[in-house]
Amino acid sequence: MSKNEIEVVDDAAMKRALTRITYEIIERNKGIEDLVLVGIKTRGIYLAQRIASRLKQLEGVAIPVGELDISLYRDDVHESDGREPEVNGSNIPVSIEGKQVILVDDVLFTGRTIRAALDALMDIARPRKISLAVLVDRGHRELPIRADFVGKNVPTSLDEQIKVEVEEIDEKDSVRIQKIK
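Residues numbered from 1 in each chain as written. Predicted model: local features only at pLDDT ≥ 70, side-chain atom pairs only at ≥ 80, totals over all residues. Heavy atoms only, no water.

Keep this limit in mind: UniProt positions are given in the numbering used here, feature names are shortened, and annotations may be inferred rather than shown by experiment.
The name given to the chain in an unreviewed UniProt entry is Bifunctional protein PyrR, with Isobaculum melis as the source organism. Quoted verbatim from the Catalytic activity (unreviewed entry) field of UniProt, the annotation for the chain is "UMP + diphosphate = 5-phospho-alpha-D-ribose 1-diphosphate + uracil". Per its UniProt entry, the chain bears the Sequence similarities (unreviewed entry) comment "Belongs to the purine/pyrimidine phosphoribosyltransferase family. PyrR subfamily."

**Here's the deal with the sheet that holds strand β7 (residues 160–165)**
Using the following cut-off: In this description, strands pair whenever DSSP reports at least two bridges between them. Secondary structure follows DSSP: runs of H or I at least 4 residues long count as helices, runs of E at least 2 residues long count as strands, and numbering of each begins at the N terminus. Orientation is described by lines fitted to C-alpha atoms, with helices fitted over the stretch in contact, and by angles between N-to-C directions that extend from 0 to 180 degrees.
With respect to topology, three strands assemble into an open sheet ordered β1-β8-β7, the strand pairing being antiparallel. One side of each edge strand has no neighbouring strand; the edge strands of this open sheet are β1 (5–9) and β7. Averaged over all adjacent pairs, the angle separating strand axes in this sheet is 30°, with direction ignored. Judged from the four bridges that link them, β1 and strand β8 (residues 174–179) form a sheet pairing that is antiparallel. Within β8, the position partnered with V9 by the bridge is V175.

**As for the packing of helix α1 (residues 11–29) against helix α2 (residues 43–59)**
Note the following rule: Between 65 and 115 degrees an angle is taken as roughly perpendicular, under 35 as roughly parallel, over 145 as roughly antiparallel, and anywhere else as oblique. Note on convention: near helix rotated counterclockwise from far helix by under a right angle means a left-handed crossing. Clockwise means right-handed. Any two residues having at least one pair of non-hydrogen atoms within 4.5 Å are treated as being in contact. Gly is placed with the polar residues, together with every amino acid not listed as nonpolar (Ala, Val, Leu, Ile, Met, Phe, Trp, Tyr, Cys and Pro) or charged (Asp, Glu, Lys and Arg).
Relative orientation of the contacting elements α1 and α2 amounts to 60°, with a least axis distance of 9 Å. Relative to α2, α1 is oriented oblique. Once α1 is placed against α2, the crossing between them reads as right-handed. From α1, M14, L18, T19, I21, T22, Y23, I25 and I26 reach across to α2, where they touch L47, R50, I51, R54, L55, L58 and E59. Of the residues contributing to the contact of α1 with α2, the split by class is ten nonpolar, two polar and three charged.

**A few points about the pairing of β8**
Strand direction decides the pairing type here: β7 and β8, joined by six bridges, are antiparallel. If you follow Q161 over to β8, its bridge partner there is Q178.

**Concerning a negative patch on the surface**
Which entries qualify depends on this criterion: Only residues whose relative accessible area exceeds 30% and that form no salt bridge enter a patch; like-charged residues are grouped when within 9 Å of one another, and nonpolar side chains (Val, Leu, Ile, Met, Phe, Trp, Tyr) when within 5 Å. Accessible surface area values rest on a Shrake-Rupley calculation with a 1.4 Å probe, where residue burial reflects the displayed protein chains alone. Salt bridge criterion: a side-chain nitrogen from Lys or Arg within 4 Å of a carboxyl oxygen from Asp or Glu. His residues and chain termini do not enter the charge count, which takes Lys and Arg as positive and Asp and Glu as negative. The atoms used to mark charge sites are NZ of Lys, CZ of Arg, CG of Asp and CD of Glu.
A cluster of like negative charges, contributed by E7, D10, D11, E167 and E171, occupies part of the molecular surface. Following the sequence through the fold, E171 ends up in the loop between α5 (167–170) and β8.

**Let's talk about the pairing of strand β5 (residues 129–137)**
Definition in use: Burial classes: relative accessible area under 20% of the type maximum marks a residue as buried, over 50% as exposed, and values in between as partly exposed (1.4 Å probe, protein chains only). Here the term right-handed applies to a crossover when the path leading from its first strand over the helix to its second strand runs clockwise, the strands being oriented away from the viewer.
Burial analysis of β5 places seven of its nine residues in the buried class, the great majority of the element. Here strand β4 (residues 100–108) pairs with β5 via eight bridges, running parallel. Each bridged residue has a counterpart across the sheet, and for L103 the counterpart in β5 is L132. Read as a crossover between parallel neighbours, the route from β4 over helix α4 (residues 112–124) to β5 is right-handed.

**Thoughts on the sheet that holds strand β6 (residues 149–153)**
The sheet built from five strands is open, its strands ordered β3-β2-β4-β5-β6 with parallel pairing. The sheet is open, and its two borders are formed by β3 (65–68) and β6, each paired with just one other strand. Taken pair by pair, the neighbouring strands of this sheet meet at an average axis angle of 25°, ignoring direction. As defined by bridge partners, β5 adjoins β6 across four bridges and the pair is classed as parallel. If you follow V134 over to β6, its bridge partner there is V150. Packing against the sheet, α1 makes contact with β2 (35–40), β4, β5 and β6, and its axis sits at approximately 150° to β6. The sheet contacts of α4 involve β2, β3, β4 and β5, and relative to β4 the element is tilted by about 155°.

**Some remarks on the packing of aromatic side chains**
Aromatic rings considered in pairs are described by the distance between their centres and by the relative angle of their planes. Here is the rule we go by: Think of it this way: a Phe, Tyr or Trp ring, Trp meaning its six-membered ring, pairs with another when their centres are within 6.5 Å, and the plane angle makes it stacked under 30 degrees, edge-to-face over 60, tilted otherwise. Charge-over-ring contacts are defined here by two conditions on Lys NZ or Arg CZ: a distance within 6 Å of the ring centre and an angle within 35 degrees of the ring normal.
Tallied over the full model, the rule gives zero aromatic pairs. The positively charged end of R138 is found above the aromatic ring belonging to F109, 3.9 Å away from the centroid.

Below is the structure:
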C-alpha cells in the first residue's frame, strides 16, 4: 500500500458488512422467496456469491446467483477511450421474470453502472422488483439512484478513487481510498 492510500475496510470489516447486508435482505424481504442475486462483473459477482453463501447458512436455501456484463450498456466507457467494449457475456442461471432481483456491485459512485445494469436486466426479462446492494457507497451521484443495502458509506472527494480487492481475484479482501495523482 502506497502513501497515497488509506485502508478503510479490512477483511474482517468486509465480512461484517456483507453479513449485515445479508440480514437486511432477509428482514426487508420477509424471507428469501423468489430471490435471485445478480452480480455486476467483475467484483460484484464474488460479493453476490458470498451473500448467497451466507443466505444458505442462515436460511438453508440455495439462492441462484447470476453474472451480468454491462459492457454494451455503458454510456461512459467506450466513448472515452475510443475502443469498443469487450463483451464477456451475462450468465443468469434461472429466469428472472417476476422474481425479486438484487443487483450486487462493489462501489456505487455516479450511478451510471447501475443504470446500465438496469437496462441490461430489463433486456433479459421483467423482474417483479429490483433492489441494489453495494459494498461501498462513495457518493457523487450523477443519476437519481440509491442503494437499498449498503455495506459502508465512504465519503470521498472527486480526486480520490475507491479500490476494492476481493480474495477471489486479488488474493485479499480490502477497500482503500486512493488519491488520484
